Amino acid sequence: MNTTLSGKAKLAGVMGWPIGHSLSPRLHGYWLRQYAVDGAYVPLAVRREDFAGAVRMLPRLGFAGANVTVPHKEAALAAVDEAAGEARRIGAVNTIVVRADGSLMGWNSDGFGFMENLKAGLAEWNPGLGPAVVLGAGGAARAVCAALVDGGVPELRLVNRTASRAEALAADIGGPIEVVSWAERESALDGARLLTNTTTLGMAGSPPLDLALERLPPEAAVTDIVYAPLRTPLLVAAAARGNPTVDGLGMLLHQARPGFAAWFGVEPEVTDEMRTFVLAGMEDQD
Ligand code: ATR
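What counts and how
- Residues numbered from 1 in each chain as written.
- Predicted model: local features only at pLDDT ≥ 70, side-chain atom pairs only at ≥ 80, totals over all residues.
- Heavy atoms only, no water.
- Helix = DSSP H or I, 4+ residues; strand = E, 2+ residues; numbered from the N terminus.
- Buried < 20%, exposed > 50% of the residue type's maximum accessible area, 1.4 Å probe, protein only.
- Contact = heavy atoms within 4.5 Å.
- Areas by Shrake-Rupley, 256 points an atom, 1.4 Å probe, with all protein chains shown as cover.
- Axes fitted to C-alpha atoms, helices over the stretch in contact; angles between N-to-C directions.
- Parallel < 35°, antiparallel > 145°, perpendicular 65-115°, else oblique.
- Left-handed = near helix turned anticlockwise from the far one by under 90°.
- Nonpolar A, V, L, I, M, F, W, Y, C, P; charged D, E, K, R; others polar.
- Near = heavy atom within 4 Å.
- Polar contact = N/O pair within 3.5 Å; in protein donor to acceptor, adjacent residues only side chain to side chain.
- Core = buried A, V, L, I, M, F, W, Y, C linked by side-chain atoms within 4.5 Å.
- Domains from an automatic or database assignment.
- Buried area = accessible area lost by both parts, 1.4 Å probe.
- Salt bridge = Lys/Arg side-chain N within 4 Å of Asp/Glu carboxyl O.

Notes on the overall build of the chain
Line of reasoning, step 1. Tallying secondary structure elements over the chain gives 11 helices and 12 strands in all.
Line of reasoning, step 2. Along the first, second and third principal axes, the C-alpha set of the chain runs to 60 × 35 × 35 Å.
Line of reasoning, step 3. Across the 286 residues that make up the chain, the buried fraction comes to 51%.
Line of reasoning, step 4. Of the contacts formed within the chain by residues at least 6 apart in sequence, a portion of 68% connects residues at least 24 apart.
Line of reasoning, step 5. Put simply, the chain shows about 12,600 Å² of open surface, and 53% of that area lies on carbon and sulfur atoms.

Dropping the structure here:
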């Protein structure tokens with residue numbers, strides 16, 4: 001973090017509860033130092049019952065804005081004065097910008113982060129190439145599906161344990177989304193060009209994802225939004241059979257770019273050195 005703040009330092013942070021495991025202060029801190037910005041980005045531990053009031057304090061405390069994480073992303077949509085189209089469609093805000101008149105603008109950069117991560121990691125892939133399979137229908141899946149649909153995916157097979165959640169997602173996001181039952185998840189891989197896990201399965205402390213990859217074409221890209229561990233069992237299995245893979249840490253890094261640019265006035269870059277720096281922070285966590 002920058003140690004030479006002036007009285008004019010720009011301020012931002014991340015609001016969540018709990019917040020102690022957030023990597024956002026570390027990754028924004030890296031950029032602040034990298035670009036020698038007179039600014040600070042701090043963890044803001046905000047309880048659910050305090051969130052609406054805390055958001056209103058951002059302009060009053062002179063903050064340029066904030067990121068919003070679990071469990072406040074949906075409440076943030078209701079709390080801002082204006083929300084961008086993608087945020088309304090996804091039903092959640094993860095980036096708040098305080099405008100010149102003190103009003104609050106809400107964005108959702110998760111879909112942007114997802115797509116930029118795939119573009120950076122896969123030279124040959126674009127959403128138009130063929131069907132995508134998305135596992136899960138939570139908040140992350142909403143952002144991923146919106147980004148794929150907007151990117152021109154011809155067919156999106158949405159697989160979730162609870163079918164009603166997948167149906168609701170498909171209705172809210174629109175586009176070529178076909179809901180597939182959890183039992184049919186392996187046949188959904190036929191002819192796919194992308195497989196994305198947005199469920200918590202495979203995360204440290206959660207059960208593994210039970211999915212045989214035999215029916216997945218060898219050229220299909222595989223990505224997991226889980227990044228702890230970085231190489232999930234799904235990514236290990238996919239790489240072992242020759243599928244191109246992209247881990248989930250990049251989505252976290254890329255989703256941070258629009259907020260940083262808006263608050264601090266510099267378009268930041270995601271680099272290998274930055275990834276290594278953020279990863280070292282993950283290893284330090286208990
Ligand atoms: P987020 O908002 O971060 O995406 P979430 O809303 O908790 O998180 O969603 C978690 C996803 O993991 C959901 O799709 C969930 O499936 P359900 O909608 O059926 O709950 C999925 N998930 C979690 N545990 C699962 C399990 N044991 N088997 C299958 N899917 C699971």
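Anyway, onward from the coordinates.
Brief notes about the packing of helix 6 (residues 139-150) against helix 7 (residues 163-173)
Line of reasoning, step 1. Relative orientation of the contacting elements helix 6 and helix 7 amounts to 40°, with a least axis distance of 10 Å. Between helix 6 and helix 7, the angle falls in the class oblique. Between helix 6 and helix 7 lies a crossing of right-handed hand. Packed against helix 6, whose contacting residues are A141, R142, C145, A146 and V149, the element helix 7 presents A168, L169, D172 and I173 at the interface.
Line of reasoning, step 2. Among the residues forming the contact of helix 6 with helix 7, the class breakdown is 7 nonpolar, no polar and 2 charged.

Some points on the site of the ligand
Line of reasoning, step 1. The environment of the ligand is formed by 13 residues, the closest being G139, N160, R161, T162 and R165.
Line of reasoning, step 2. Between R165 and the ligand, the recorded distance is 2.9 Å, taken from a side-chain N or O atom to an oxygen atom.
Line of reasoning, step 3. Relative to its unbound accessible surface of 640 Å², the ligand loses 70% to contact with the protein.
Line of reasoning, step 4. Tallied by class, residues from the shell around the ligand come to 4 nonpolar, 7 polar and 2 charged.

A look at the nonpolar core
Nonpolar side chains tend toward joint burial in soluble globular proteins.
Line of reasoning, step 1. Membership of the largest hydrophobic core comes to 31 residues, with the highest contact counts inside it found for L148, L156 and I177.
Line of reasoning, step 2. Secondary structure elements with two or more residues in this core: helix 5 (110-121), strand 7 (132-135), helix 6, strand 8 (156-160) and helix 7.
Line of reasoning, step 3. No other element matches helix 6, which puts 8 residues into this core.
Line of reasoning, step 4. Here L156 is in contact with A132, V134, C145, L148, V149, P176, I177 and E178, once residues within four sequence places are set aside.
Line of reasoning, step 5. Of all hydrophobic cores here, the second largest spans 26 residues; its members include W31, L32, M105 and W263.

A closer look at the domain arrangement of the chain
Line of reasoning, step 1. Splitting the chain by domain gives domain 1 (10-109 + 256-285) and domain 2 (111-250).
Line of reasoning, step 2. Each of domain 1 and domain 2 was reduced to a C-alpha centroid, and the two centroids are 25 Å apart.
Line of reasoning, step 3. Between domain 1 and domain 2, the contact holds 11 residues from the first and 18 residues from the second.
Line of reasoning, step 4. Between domain 1 and domain 2, the buried area comes to about 1,200 Å², and carbon and sulfur atoms account for 57% of it.
Line of reasoning, step 5. A per-residue breakdown of the area domain 1 buries against domain 2 is headed by R89, I90 and R275, which together make up 51% of the total.
Line of reasoning, step 6. For the pair domain 1 and domain 2, the number of links is 3 salt bridges.
Line of reasoning, step 7. Of all the secondary structure elements, the ones that give two or more residues to the side of domain 1 that touches domain 2 are helix 4 (85-90), helix 10 (257-264) and helix 11 (272-284).
Line of reasoning, step 8. Among the elements that take part in the side of domain 1 that touches domain 2, helix 11 stands out by supplying 4 residues, more than any other.
Line of reasoning, step 9. Among the residues making up the side of domain 1 that touches domain 2, the classes are represented as 6 nonpolar, 2 polar and 3 charged.

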